[in-house]
Amino acid sequence: MITAIMGGDVIRAVTRAMVALVSEARFHFAEDGIHSRAVDPANVAMVIVDIPREHMEAYSIDEEKTVGVDINRVYDIAKTIKKKEIVEISLEDESRMKIRFGSVEYVLSLIDPSAIRKEPKVPNLELPAKVVLDAGEFKKAIQAADKISDHVVFRSDETGFYIEAEGDVDKIVFHMSEAELIEFNRAEARSMFSVEYLKEFVKIAEAGDLLTIYLGNNYPVRLVFEVADGKAKVEYILAPRIEAE
Amino acid sequence: MITAIMGGDVIRAVTRAMVALVSEARFHFAEDGIHSRAVDPANVAMVIVDIPREHMEAYSIDEEKTVGVDINRVYDIAKTIKKKEIVEISLEDESRMKIRFGSVEYVLSLIDPSAIRKEPKVPNLELPAKVVLDAGEFKKAIQAADKISDHVVFRSDETGFYIEAEGDVDKIVFHMSEAELIEFNRAEARSMFSVEYLKEFVKIAEAGDLLTIYLGNNYPVRLVFEVADGKAKVEYILAPRIEAE
Amino acid sequence: MITAIMGGDVIRAVTRAMVALVSEARFHFAEDGIHSRAVDPANVAMVIVDIPREHMEAYSIDEEKTVGVDINRVYDIAKTIKKKEIVEISLEDESRMKIRFGSVEYVLSLIDPSAIRKEPKVPNLELPAKVVLDAGEFKKAIQAADKISDHVVFRSDETGFYIEAEGDVDKIVFHMSEAELIEFNRAEARSMFSVEYLKEFVKIAEAGDLLTIYLGNNYPVRLVFEVADGKAKVEYILAPRIEAE
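Residues numbered from 1 in each chain as written. Chains lettered and ligands numbered in written order. Predicted model: local features only at pLDDT ≥ 70, side-chain atom pairs only at ≥ 80, totals over all residues. Heavy atoms only, no water.

Caption draft 1: Molecular detail of the relation of the copies chain B and chain A. When chain B is brought onto chain A, the operation consists of a screw motion whose angular component is 120° and whose axial shift is 0.0 Å, with 0.0 Å RMSD remaining. What we have between these two chains is a three-fold relation. (Least-squares fit on C-alpha atoms with pLDDT ≥ 70 in both.)

So, in structure tokens, the structure goes:
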């Protein structure tokens, strides 16, 4: 029997993060917390989600379990939970999960994990630039770029971090100098990405959340969001788009 | 000449309650207040609405009148009135009604009441269980059940009051114990109802409103909402669904 | 080089005012501020927009310029700016405009002004009645009238100012007496107008904004809105509809 008690904001952020890429996923209830990983059907992006044990209100686990979850359904439920509301998730066996909050208890049928696409390995990426900024600012930049183009360039050099989008006639540049960034190692890097994916990713972000970007040259980017007041970590790895010469 | 002065919240709640079932209805302006009753075209549900004289800001009536009202149109107007705004409804004769608030006055043509479907008799129902709870909690339970199934079971026994919905794979149980309920007579009862109707009914309910449920066994339920800070009473009577064996 | 710094509320109100009638417009960056004028394709309404220099946060101009602007695009950007946010608009030449706020900078291609429909002359109108009221009240009246009819009558006499709409069966009258109006010269006037246009015009108005109406007899009306806390002036001139006998 496993019981995990957490804030409504945590289950909401974590399921929102997953639905951006997949409709079903394996969740691992481990000694040190709850973990999940998935890649989207096009193999362009990976999501890695962690709720560390110490960030839950309570967590009791007799034996580690891996279960298959219909993410859409859980997100649908999570949306009806208030952020500050306390949620209890319990697993008696691999066939059913209970989600309880207020006077309501859901009993969800689980999916056989072996029927869900195998989890991806997390690639070992050497990414020179590290940029830490307010996730709310990043969200505004992506939403602005989306009005101009379907792709953006992330770029960093000693003058700061840039997000650039170019449309047929118009252009947008988002720029934060080292002084405006929370942390920055001044490394040079530059890659181009699809706005379609980024637009989905930023939906979990709120002003005040911390975002760490690891950027390389024509290489995948790692976007590590600390959401729900830092109680959950959501990492996206996104493949670059090839720039036409 | 009849003049009724009431809060915007009252006219809004009462017309919202009626549009859930009908598009036209007879309203009785009587000495003791304003009353209306109607059944839906499928004869599955009845709505009974009362605005007692003592809950209006002012009420002057020289002669009782029954008028036919296009409920959709009045609800459309009511939606534009703020909750705290004062509304004056006046009737000079059976052909026109004036609705006045702020600097705006509507003059609405009335419908010949004899052209509107005859009002239902209120059935005499023996319902053993009485449950009083926060209408906001009930609303959340119905909205949650709606994600799972098109029908719900209302059930009470000495352990409390239950709302249960079962889908193809998932299940939801809403449970309030005697301690969590405002009033409860611990009687046993159980009936099944259509979520389609309940979903409409709860639209008038807000957290803090009082709801009294009278429940029987495979028998209609009476749902009595006290809305607009207790200034109006809306009662729904809903026929049960037959449970398949 | 021209640089204009203003509140997000100003650029938002001004571009919203223009999109009500046109998708492209000429903007004049003059010594005394920024100005634009346009008529709708049907020649029924004109909009005149002014941001006086003294109502901007800062304004530096070396040489007056006229530029052609894709209003839809600028309004699209303006909607993403917060009301209190500071925006910098800069023009190096007639081909590109930069809009900068927070960490974001847009570079917009401009349109050759000679490719945009010639600006209208402002007609010289003798309008006897002058009515000053809260634009929020006017907005509510127009939105209410829209539920009843596609045209409204504006009317003034010594008893006050009236907006009247008559539908097939229902009627609405909005009335403000001299005491309720902010200013009123008690002149008699009466003209009928299309609700379609008025509905668009009031979208810029908020409770607390000042609206001055100049009304004649079967003659165009001038509606002068002071928006964005009085920092921008938007004037609409609307042709009357002919009343059927």
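Caption draft 2: How the structure looks around the packing of aromatic side chains. Scanning the entire structure with this criterion turns up 22 aromatic pairs over all chains. Ring geometry for F201 of chain A and Y236 of chain A: centres 3.7 Å apart, planes at 10°, overall stacked. Of this pair, F201 of chain A sits in helix α4 (residues 195–201) while Y236 of chain A sits in strand β18 (residues 232–238), and the two are 35 residues apart along the sequence. Accessibility classification places F201 of chain A together with Y236 of chain A in one group, the buried group. Ring geometry for F154 of chain C and F161 of chain C: centres 5.9 Å apart, planes at 75°, overall edge-to-face. In this pair, the class of F154 of chain C matches that of F161 of chain C, namely buried. Taken together, F138, F154, F161, F193, Y197, F201, F225 and Y236 of chain B form an aromatic cluster joined through their ring pairs. Of note, R155 of chain C hangs over the ring of Y162 of chain C, and the distance from its end group to the ring centre comes to 4.2 Å. Sitting over the ring of Y214 of chain C, R222 of chain C keeps its end group 4.6 Å from the ring centre. (Phe/Tyr/Trp six-rings, centres within 6.5 Å; stacked < 30°, edge-to-face > 60°. Helix = DSSP H or I, 4+ residues; strand = E, 2+ residues; numbered from the N terminus. Buried < 20%, exposed > 50% of the residue type's maximum accessible area, 1.4 Å probe, protein only. Lys NZ or Arg CZ within 6 Å of the ring centre and 35° of its normal.)

Caption draft 3: Here's a closer look at the interface of chain A and chain C. Taken residue by residue, the interface counts 14 residues in chain A and twelve residues in chain C. In total, about 1,100 Å² of surface goes out of reach between chain A and chain C, with carbon and sulfur atoms giving 46% of it. In terms of surface lost to chain C, no three residues of chain A exceed K147, D170 and K171 of chain A, which account for 43% of the buried area on that side. Our count for the chain A to chain C interface comes out at one salt bridge. Our enumeration of links across chain A and chain C arrives at six residue pairs in polar contact (both at pLDDT 80 or more). Put simply, the parts of the chain that give the side of chain A that touches chain C at least two residues each are α3 (135–146) and β13 (171–176) of chain A. When residues of the side of chain A that touches chain C are assigned to their parent elements, the largest contribution, six residues, is made by β13 of chain A. When grouped by side-chain class, the residues that make up the side of chain A that touches chain C number seven nonpolar, one polar and six charged. Here β13 of chain A runs beside strand β9 (residues 104–109) of chain C; their pairing, made up of four bridges, is antiparallel. Pairing of I172 of chain A across the sheet is with Y106 of chain C, part of β9 of chain C. (Contact = heavy atoms within 4.5 Å. Buried area = accessible area lost by both parts, 1.4 Å probe. Salt bridge = Lys/Arg side-chain N within 4 Å of Asp/Glu carboxyl O. Polar contact = N/O pair within 3.5 Å; in protein donor to acceptor, adjacent residues only side chain to side chain. Nonpolar A, V, L, I, M, F, W, Y, C, P; charged D, E, K, R; others polar. Pairing = 2+ DSSP bridges.)

Caption draft 4: Broad picture of helix α2 (residues 71–78) of chain C. Residues and elements named next belong to chain C. Looking only at α2, the buried set comprises I71, V74, Y75, I77 and A78. For α2, the arc enclosing every buried residue in end-on projection is 160°, short of the 170-degree limit, so these residues lie on one face. Residues of α2 that are buried make contact with α1 (8–19), β2 (24–30), β6 (65–70), β8 (96–101) and β9. Near the N-terminus of α2, the side chain that reaches the backbone nitrogen of N72, with its oxygen 3.2 Å away, is that of D70. (Arc of directions from axis to C-beta.)

Caption draft 5: Molecular detail of the interface of chain B and chain A. At the interface, 14 residues of chain B touch twelve residues of chain A. In this assembly, chain B packs against chain A so that about 1,100 Å² is buried in total across both faces, 45% of it on carbon and sulfur atoms. It is K147, D170 and K171 of chain B in chain B that bury the most area against chain A; as a group they hold 43% of the surface buried on that side. Our count for the contact surface shared by chain B and chain A stands at one salt bridge. The shortest N-O distance in the salt bridge between R73 of chain A and D170 of chain B comes to 2.8 Å. One can count six residue pairs in polar contact (both at pLDDT 80 or more) joining chain B with chain A. In terms of residue count, strand β13 (residues 171–176) of chain B provides more of the side of chain B that touches chain A than any other element does, six residues in total. When its residues are assigned to classes, the side of chain B that touches chain A shows seven nonpolar, one polar and six charged.

Caption draft 6: Inspection of the pairing of strand β7 (residues 86–91) of chain A at higher detail. Residues and elements named next belong to chain A. Taken together, the six bridges between strand β1 (residues 2–7) and β7 define a ladder with antiparallel strand orientation. Its bridge partner lying in β7, G7 is registered against I86. Looking at chain direction, β7 and strand β8 (residues 96–101) are connected through four bridges and run antiparallel. Note on β8: the bridge partner recorded for I89 is I99.

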